[in-house]
Amino acid sequence: MIRISSQQIFTGGINRLQDLNVNLNQTQEQVSTGKRVNRPSDDPVAAARILKLEQEVGRIETYQRNVGLAENRLQLEESSLDSMVDIIQRVRELTVQAGNGSLTANDRQSISAELKQRLQELASQANTQDSAGSYIFSGFQGETPAFAKNINGDWVYQGDEGQRKLEIDDGVNVAISDHGKDLFVNVPAGGPTFFTEVGPNVGSGARISSGVVLDPEQVAGASPTDYLVTIEQDASQTSGFRYDIRDKNDPAGPVLESGEYVSGGSIRYQGMQFEVSGAGDGDEFLINTSEKQSIFRTIEKLIYGLDNLPKQPEAGAITSFAPAVGDVLEINQAVFTFDGSEDLADLAALINDSDDESLAGIEARVESGELKLISSGKEISIDATGMAAGELQTSGARFDNINVGPLVADPVAEANFLSTQATYDQLIGDSLANLDNAQESILRTQTEIGGRMNQLESTGKFLENSSLYAKDLRSQLQDVDYAEAISNLSFQSFVLQAAQQSFAQTSQLSLFDRL
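Residues numbered from 1 in each chain as written. Predicted model: local features only at pLDDT ≥ 70, side-chain atom pairs only at ≥ 80, totals over all residues. Heavy atoms only, no water.

## Digging into the overall build of the protein chain
A tally of regular secondary structure across the protein chain gives nine helices and 22 strands. Relative to its 515 residues, the protein chain shows a buried fraction of 42%. For the protein chain, the exposed area adds up to about 26000 Å²; of that, 48% sits on carbon and sulfur atoms. (Helix = DSSP H or I, 4+ residues; strand = E, 2+ residues; numbered from the N terminus. Buried < 20%, exposed > 50% of the residue type's maximum accessible area, 1.4 Å probe, protein only. Areas by Shrake-Rupley, 256 points an atom, 1.4 Å probe, with all protein chains shown as cover.)

## Re the pattern of salt bridges
Should their charged atoms come close, side chains of opposite charge can pair. Taken as a whole and judged by the stated rule, the model has 19 salt bridges. When the shortest N-O distance is used, the salt bridge between R59 and D169 registers 3.4 Å. Residue R59 is found in helix α2 (residues 44-98), and its partner D169 is found in strand β3 (residues 165-169); the two are separated by 110 residues along the sequence. The class for D169 is buried, based on a relative accessible area of 12%. Linking R118 and E114 is a salt bridge whose minimum nitrogen-to-oxygen distance equals 3.3 Å. Residue R118 and its partner E114 are located together in helix α3 (residues 105-126), separated by four residues, close to a single helical turn. Sharing partners across several salt bridges, the network here consists of R90, E93, E114, R118 and E121. (Salt bridge = Lys/Arg side-chain N within 4 Å of Asp/Glu carboxyl O.)

## Notes on the environment of N416
Mapped onto the fold, N416 is located in strand β22 (residues 414-417). As a C-alpha pair, N416 and I380 span 36 residues in sequence and 5.7 Å in three-dimensional space. Look past the residues within four positions of N416 in its chain and what remains in contact with it is E379, I380, S381, A397 and R398. A distance of 3.2 Å separates polar atoms of two side chains, one belonging to N416 and the other to S381. (Contact = heavy atoms within 4.5 Å. Polar contact = N/O pair within 3.5 Å; in protein donor to acceptor, adjacent residues only side chain to side chain.)

## Concerning the packing of α2 against α3
Following both chains from N to C, one finds α2 and α3 inclined at 165°, their axes separated by 10 Å at the closest point. Looking at the two axes, α2 sits roughly antiparallel to α3. As for how α2 packs across α3, the hand of that crossing is left-handed. On α3, the residues that touch S80, S83, M84, I87, I88, R90, V91, L94, Q97 and A98 of α2 are I111, E114, L115, R118, E121, L122, Q125 and A126. (Axes fitted to C-alpha atoms, helices over the stretch in contact; angles between N-to-C directions. Parallel < 35°, antiparallel > 145°, perpendicular 65-115°, else oblique. Left-handed = near helix turned anticlockwise from the far one by under 90°.)

## What to know about the sheet that holds β22
Here we have four strands laid out as an open sheet, ordered β16-β15-β19-β22, and antiparallel in their pairing. Here the strands that pair on one side only, and so sit at the sheet edges, are β16 (334-337) and β22. Going across the sheet, the axis of each strand differs from the next one's by a mean of 15°, ignoring polarity. Inspection of the sheet shows strand β19 (residues 380-383) paired to β22 by four bridges, in the antiparallel sense. Within β22, the position partnered with I382 by the bridge is A415. (Pairing = 2+ DSSP bridges.)

## A closer look at empty space enclosed by the protein
Inspection of the entire model under this criterion finds one cavity of 30 Å³ or more. Approximately 140 Å³ is the volume found for the largest cavity. Along its surface, the largest cavity is lined by 16 residues, and T193, Q293, L427, D430 and N434 are the ones closest to its centre. For the lining of the largest cavity, the secondary structure elements donating two or more residues are β5 (188-198), β7 (212-213), α6 (295-308) and α8 (420-478). (1 Å grid on protein atoms, 1.4 Å probe; cavity = no way out; pocket = protein on both sides within 12 Å on 5 of 7 lines; lining within 4 Å. Points joined across faces, edges and corners; volume = space filled by probe spheres on them.)

## Overview of the side chain of K372
Within the element layout of this structure, K372 appears in strand β18 (residues 370-375). Overall, the relative accessible area of 14% leaves K372 in the buried class. A polar contact of 2.9 Å, which involves the side chain of K372, links it to the side chain of E370.

## Focus: the sheet that holds strand β13 (residues 284-292)
Taken in spatial order, the five strands make up an open sheet running β5-β13-β8-β9-β10, and their pairing is antiparallel. Whereas interior strands pair on both sides, the edge strands pair on one side only; in this sheet they are β5 and β10 (257-260). Strand-to-strand twist in this sheet, taken as the mean axis angle between neighbours without regard to direction, amounts to 20°. For strand β8 (residues 227-233) and strand β9 (residues 241-247), the ladder comprises seven bridges, and the chain directions are antiparallel.

## Quick notes on the pairing of β18
Most of β18 sits out of view: five of its six residues are buried. Hairpin remark: strand β17 (residues 362-367) followed by β18, antiparallel, with two residues in the connecting loop; positive phi at S368, about 55°.

## Structural notes on the nonpolar core
In terms of nonpolar packing, the biggest core is built from 54 residues, with L115, F184, I295 and F296 touching the most fellow members. For this core, the secondary structure elements donating two or more residues are α2, α3, β2 (155-157), β3, α4 (180-185), α6 and α8. Counting residues in each nonpolar core, the second largest holds 28 residues, with A364, L373, A397 and F417 among its members. (Core = buried A, V, L, I, M, F, W, Y, C linked by side-chain atoms within 4.5 Å.)

## Considering the side chain of D327
By the secondary structure assignment, D327 is in the loop between β14 (314-322) and β15 (328-331). Although D327 is buried, it forms no salt bridge, and the closest oppositely charged side chain is K372 at an N-O distance of 23 Å. Engagement of the side chain of D327 in a polar contact is seen with the backbone nitrogen of A324, the distance being 2.8 Å. There is a polar contact of 2.9 Å between the side chain of D327 and the backbone nitrogen of G390. Residues in contact with D327, not counting those within four places in the same chain, are F336, T337, F338, G386, M387, A388, A389 and G390. (Lys, Arg positive; Asp, Glu negative; His and termini not counted.)

## Comments concerning the packing of α3 against α6
It is at 9 Å that the axes of α3 and α6 come closest, and there the two elements cross at 165°. Compared by their axis directions, α3 and α6 come out roughly antiparallel. Where α3 crosses over α6, the two elements pack in a sense that is left-handed. In contact with R108, Q109, I111, S112, L115, K116, L119, L122, A123 and A126 of α3, α6 contributes I295, F296, I299, E300, L302, I303, G305, L306 and D307. Residue composition of the contact of α3 with α6, by class: 12 nonpolar, three polar and four charged. (Nonpolar A, V, L, I, M, F, W, Y, C, P; charged D, E, K, R; others polar.)

So, in structure tokens, the structure goes:
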């Protein structure tokens, strides 16, 4: 016979009610949160898998944010490059227009003015910033504008050669930027070229022009040597100054070329022409030969040509002519022998009446006491070594002018002449080639951007599918079945209510009721 005390009845009833209440509360929590597993104790195995799936979803969401950031960055770059292509195309149209031989000086100045405006627009696009304020074409130097004007007024690159990348999946990186040096600076030139720079120790007022190529063959022969131009005081010169040209890598070495320095006057060396203005004693300037030319330099040189090269067929002039008996003068391949009585008019007649094919297209005119040599594009070469006793002087030579005579201590007997029309036409042709190369560089980068955008699109779809799969697995493990939970909640509520009623009735029973 088993005895059950009243205390046991009460304890057992309370424990049962508490268990039922815990189950009911757990079910109510599942219904309110929508989760079957709210804490690890609910289902330790499922909780561990849910934790891993949540980490996976977090990783995927991070990569998805990176994909969105990369797409925005590349879209901004692509938009900027589209605008630059339009600007370059307009510059190309202006360049073709500038080559028209019927343009007046005012027309050329109008084209030059618009080119300066387009150059400013191009620089503005090259200095595009993203939403965070970083310059997208500066490489890793995002806080520094990609291009800025130097002391000389030329646009130069200030960034580095870094390329920003972003991880869009495990082990998958995509480039989200392109540095301006590769895009806009390292553009193959249409021919041998050079660019100028002001030295670091130059006073604020000194400048050097962009310059122009006079003889591509000589520039090609000079490359890859760079040159140092130094301005020195020289009392023997009328201006009181001279310029010395040396090898840039041997600044204390021999002087390769020297001459009188006149502020703003043209200096010609190795097929290159440039002007230095406002320089003082000890000022230095750099001449760098190159096979590449930035899009900015191309436009700057074109502006220089429009402002400084008159499009005219005059190649040069013979300013003094007094031959001796038996003197010989060679112009191109035509040879003239003199009896000592000829003057400039006689020499002009000899040139114009010559049947030598080497003089075809060349005309001689006597104007203002000088013999003007007119050429529509052919180079003129004069060799006066045969004038041993006579006198001959020229002006307008591409490099050194002829100066021979009995009293000349250091005679120069050979010179080449090319009309500014030919130099100007050559500049137009080189500019068009350089502009085409710049467009090709940008279009190539746009193609690469298109490939990156395709990679982002495919990776984005993969991440989206992976996210859906991970979330579906997590839902299966974590989310509650509302129909089942609500059914259980109703049943558990009924059981708890019945247990409470049963306990209430049982707790009132007593043996005294039977006495």
